[in-house]
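Geometric and topological summary
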Amino acid sequence: PDASDLVFTFVSRAAREVAADYPDRMITAYAYQWCENAPSFDLPPNVAVYLTADRSFWHDSAFRAEDEDLIRRWTQRCSWVGLYDYYYGVPFAVPRLFTASSAASLQFAASNHVAGFHAGLHPFWALDGPKAWLAAQLLWQVEQNPAALLDEYYEKFFQEAQAPMRQFYDLCEAQWQNQGGRVTWLKYFKSWRQFEIFPAAVRSQARELLDQAARHATNHLTR
């Protein structure tokens, strides 16, 4: 069901009441589940809404187009819109990398008047480092080149082991992007089926890349 008009009628009434006595305060809300859709009316200027979505699936053209349209509708109805995203991390036990989708969604948001960002990360840093670092850099200065930023990350973090480590993370991201099947938010969250994304042959390839990186590592930082 679409309960956005009901929910944001209440939010708007509360915001107007608050503005009468506290004109410098904001009322915040999530656009989530039954009230994810933009309402049919404009919200008061002291309302800030965070729009929730799992943008790890922006590699899916239909999902991306739907989310882009939703962001545009919200920025037409609300003067302060932020994005809420799901960057986990734990409790996923497999690499859940989506640097390309992260960069595309953040840069689209910035060009469409989105003003804020929040993500649940709960990182396992060995698998989530590139994703978190790239997003952090783009949030400081969104017009930066994502490929150049990742070059900097791998060069400075892994140093002499950068080549096989980059191949490892690229392999992991490709597996996430090419998993196929139906797109659902937080797909495989706490589910053993997440391991199906990484069949035995891919795991062997990933292990070999890590072994190569270990052989390349020569100083105390990269070891």
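Above: the structure in question.
First, a word on scope: everything that follows refers to the structure included in this document. Not measured: the values here are computed from a predicted model.

**Some points on the overall build of the protein chain**
For the protein chain, the count of helices and strands is seven helices and four strands. Along the chain direction, N to C, the helices and strands of the protein chain fall in the order α-β-β-α-β-α-β-α-α-α-α. Expressed along its principal axes, the backbone C-alpha trace of the protein chain runs to roughly 65 × 35 × 25 Å. Taking all 223 residues of the protein chain together, the buried fraction comes to 44%. Long-range contacts, defined as pairs at least 24 residues apart, comprise 73% of the intrachain contacts of the protein chain with a sequence gap of at least 6. With the model as given, the accessible surface of the protein chain reaches about 12000 Å², and the carbon-plus-sulfur share is 54%. Within the protein chain, the 25 negative side-chain charges are centred at a point lying 4 Å from the centre of the 20 positive side-chain charges.

**Details of empty space enclosed by the protein**
Counted under the stated rule, the structure contains one cavity of 30 Å³ or more. Quantified by volume, the largest cavity comes out at close to 30 Å³. Taken together, Gly89, Val90, Phe92, Val94, Phe124, Leu127 and Asp128 make up the lining of the largest cavity. Classifying every residue of the lining of the largest cavity by side-chain character gives five nonpolar, one polar and one charged.

Cut-offs applied
- Residues numbered from 1 in each chain as written.
- Predicted model: local features only at pLDDT ≥ 70, side-chain atom pairs only at ≥ 80, totals over all residues.
- Heavy atoms only, no water.
- Helix = DSSP H or I, 4+ residues; strand = E, 2+ residues; numbered from the N terminus.
- Buried < 20%, exposed > 50% of the residue type's maximum accessible area, 1.4 Å probe, protein only.
- Contact = heavy atoms within 4.5 Å.
- Areas by Shrake-Rupley, 256 points an atom, 1.4 Å probe, with all protein chains shown as cover.
- Lys, Arg positive; Asp, Glu negative; His and termini not counted.
- Charge placed at Lys NZ, Arg CZ, Asp CG, Glu CD.
- 1 Å grid on protein atoms, 1.4 Å probe; cavity = no way out; pocket = protein on both sides within 12 Å on 5 of 7 lines; lining within 4 Å.
- Points joined across faces, edges and corners; volume = space filled by probe spheres on them.
- Nonpolar A, V, L, I, M, F, W, Y, C, P; charged D, E, K, R; others polar.

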